[in-house]
Amino acid sequence: MDFDLRALVATNLPILISYGLRCLGVLFAIWVSLTVAGWLQRRTTTVLTARKFDATLSIFFGSLIRWLIIVATVIACLGVFGIETTSFAALIGAAGLAVGLAFQGTLSNFSAGVMLLVFRPFRVGDYVVAGGKEGVVAEVGLFVTALDTLDNRRIFVPNTAIGSGPIENYTLHDTRRVDVDVNISGGEDIDATRRALEQAGASVPGRDEKRGSDVFLKGFGGGLVSWQVRVWCSPAIYWDVWQATVRAIAYELPKAKIAMPTPAMKVLVSGESGRWGVATDGDGRSPLPSA
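Sequence order as written defines the numbering, with residues in each chain counted from 1. Reporting of local features is limited, given that this is a predicted model, to residues whose pLDDT is at least 70; pairs of side-chain atoms are given and counted only at 80 or more, and all residues count toward the totals for whole chains, interfaces and linings. The basis for every side-chain value is the complete set of non-hydrogen atoms in the structure, without hydrogens or water.

> Which residues make up the pattern of salt bridges, and what values do they have?
Throughout this description, the term salt bridge denotes a Lys or Arg side-chain nitrogen within 4 Å of a carboxyl oxygen of Asp or Glu. Across all of its chains, the model carries five salt bridges by this definition. As a salt-bridge pair, Asp-148 and Arg-154 come within 2.8 Å of each other at their nearest N and O atoms. Three labels apply to residues, based on accessible area from a 1.4 Å probe with only protein chains included: buried if under 20% of the type maximum, exposed if over 50%, partly exposed otherwise in between. Note on Asp-148: relative accessible area 22%, which makes it partly exposed. On the basis of relative accessible area, Arg-154 is assigned to the partly exposed category, the value being 45%. The residue Arg-153 makes a salt bridge to Asp-151 at a minimum N-O spacing of 3.0 Å. Look at Arg-153 and you get partly exposed, because its relative accessible area is 47%.

Laid out in structure tokens, this is it:
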């Protein structure tokens, strides 16, 4: 039997045209759905943020709406090709166990993200240490949380890694304490040193007026006396207050004639054989006799 191309084309042309138009319609519908989903995501986030809704939940709801539109469009497109959506849903239900096992990590990230949104250990804008990473929370997504580091890098941490470990939130409270350690030579007067350090803490700009500052005597050893100056401030200006505290200490101690130790090394040589040794002391004085 000879192959009749014209007859084949004539017979199947209506089917090809029908499916071709359907494919074009599906591609157009997917393009429209992606465009609309992206617009609705941005619009939802903007509106909720403008109404002073929680920033973390605003981003989450925007992302949720986007994915719902995309999934609904895909299911609707399957119906265009004659696939029963009810049968498709039943198929998904029957294969749920296999899909769950295959996407166990993804589903764990999703459930962990829901738990983060429910219990809310942090919000967008908080500085946290979570999942072994630290930075400012930029977004809490369905599967990952985005952190911006202090040097402007963005890190995407799986929600499972965050939810399964400790979370340290540096900016949850209204105030935070700056702790600056200071070592003083052992021969200095204790009371005079305390007064100088208290004056330094009281002169720090930006400190919290209610909680103020404090000076703590930590201990001594190696010829040194260890102190700690503690200044309370807003988390937003933490590093500014830290620098201001160090600066105030560096000014107040010389004014009170309190000497800070200077590391020193003394090399001792004795005898004709050229034997030598090294002696050091934290306050600049060698515990060994001079050669």
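> I'd like a description of the confidence of the model for the chain, backed by residues and values.
For the chain, the average pLDDT comes to 80, and 73% of its residues sit at 70 or higher. Considering only residues more than four positions removed or in separate chains, one finds that residues 282-291, a stretch of pLDDT under 50, has 25 contacts. The predictor attaches a confidence to each residue, and that confidence, scored 0 to 100, is pLDDT. Any two residues whose heavy atoms approach within 4.5 Å are treated as being in contact.

> Report on the sheet that holds strand β3 (residues 144-148), specifying residues and quantitative values.
Here the rule is simple: two strands pair whenever DSSP picks up at least two bridges between them. Note on conventions: DSSP H or I runs of at least 4 residues are helices, E runs of at least 2 residues are strands, and numbering of each starts at the N terminus. Reading across from one edge, β4-β3-β2-β1-β5 is the order of the five strands in this open sheet, with antiparallel pairing throughout. Unpaired on one side and paired on the other, β4 (154-158) and β5 (167-169) mark the two borders of the sheet. With strand direction ignored, the average angle separating the axes of adjacent strands in the sheet is 45°. Whenever a helix is involved, its axis is fitted only over the stretch in contact; in every case the axis is a line through C-alpha atoms, and angles between N-to-C directions fall within 0 to 180 degrees.

> Tell me what's going on with the side chain of Thr-145, and back it up with residues and numbers.
For Thr-145, the location among the structural elements is in strand β3. Thr-145 gets classed as buried once you look at its relative accessible area, which sits at 0%. Of note is the side chain of Thr-145, whose polar atom sits 2.7 Å from the side chain of Asn-159. Once you skip the residues sitting within four places of it in the chain, Thr-145 turns out to touch Leu-116, Phe-122, Val-137, Glu-139, Val-140, Ile-155, Phe-156, Val-157, Asn-159 and Ile-162. Throughout this description, a polar contact denotes any pair of N or O atoms lying within 3.5 Å of each other; where both atoms belong to protein, one of them has to be capable of donating a hydrogen while the other can accept it, and for residues adjacent in sequence the pair is counted only when both atoms sit in side chains.

> Just give me the short version of the packing of aromatic side chains, but keep the residues and values in it.
Each Phe, Tyr or Trp ring, with Trp reduced to its six-membered ring, pairs with another whose centre is within 6.5 Å; inter-plane angles below 30 degrees give stacked pairs, above 60 give edge-to-face pairs, and intermediate values give tilted ones. As enumerated under the stated definition, the model contains five aromatic pairs in all. For the ring pair Tyr-127 and Tyr-170, a centre distance of 5.6 Å and an interplane angle of 65° mean the geometry is edge-to-face. On the criterion of sequence distance, the pair formed by Tyr-127 in strand β1 (residues 127-130) and Tyr-170 in the loop between β5 and β6 (176-185) is long-range, its members being 43 residues apart. Owing to a relative accessible area of 15%, Tyr-127 belongs among the buried residues under this scheme. Relative to Trp-239, the ring of Tyr-238 has its centre 5.0 Å away and its plane inclined at 85°; by these criteria the two rings are edge-to-face. For Tyr-238, a relative accessible area of 7% corresponds to the buried category. Classification of Trp-239 by relative accessible area gives exposed; the value is 52%. One aromatic cluster is present, formed by Tyr-238, Trp-239 and Trp-242 through successive ring pairs.

> Lay out helix α8 (residues 238-255) in plain terms, naming residues and giving numbers.
If you check α8, its first and last C-alpha atoms are 26 Å apart, about what 18 residues at 1.5 Å a residue would give, namely 26 Å. Turning to α8, its buried residues are Tyr-238, Val-241, Ala-244, Thr-245, Ala-248, Ile-249, Glu-252 and Leu-253. In a view along the axis of α8, the buried residues occupy a sector of 155°, so they form one face of it. Among the exposed residues of α8, those pointing more than 90 degrees away from its buried face are Trp-239, Asp-240, Gln-243 and Arg-247. In this fold, the buried residues of α8 make contact with β6, α7 (190-202) and β8 (224-233). A positive phi of about 60° marks Lys-257, the residue just after α8. One fewer than the residue count of a helix, multiplied by 1.5 Å, yields its expected span. The directions from the helix axis to the C-beta atoms are what the arc is built from.

> Describe the sheet that holds β8, listing the residues and the values that go with them.
Spatially, β6-β8-β7 is the arrangement adopted by the three strands of the open sheet, whose pairing is antiparallel. Single-partner strands in this sheet number two, and they are β6 and β7 (213-221). Strand after strand, the sheet turns through a mean of 20° between neighbouring axes, direction not considered. Note: β7 against β8, eight bridges, orientation antiparallel. The residue of β8 that forms the bridge with Phe-220 is Val-225. Lying on the sheet, α7 is in contact with β6, β7 and β8; it crosses β8 at an angle near 25°.

> Any details on α7? Residues and values, ideally.
Counted at 1.5 Å a residue, the expected span for α7 with its 13 residues is 18 Å, and the 18 Å between its end C-alpha atoms agrees. Of the residues making up α7, those classed as buried are Ala-192, Thr-193, Ala-196, Leu-197, Ala-200 and Gly-201. Residue Asp-189 occupies the N-cap position of α7, its side-chain oxygen lying 3.1 Å from the main-chain nitrogen of Asp-191.

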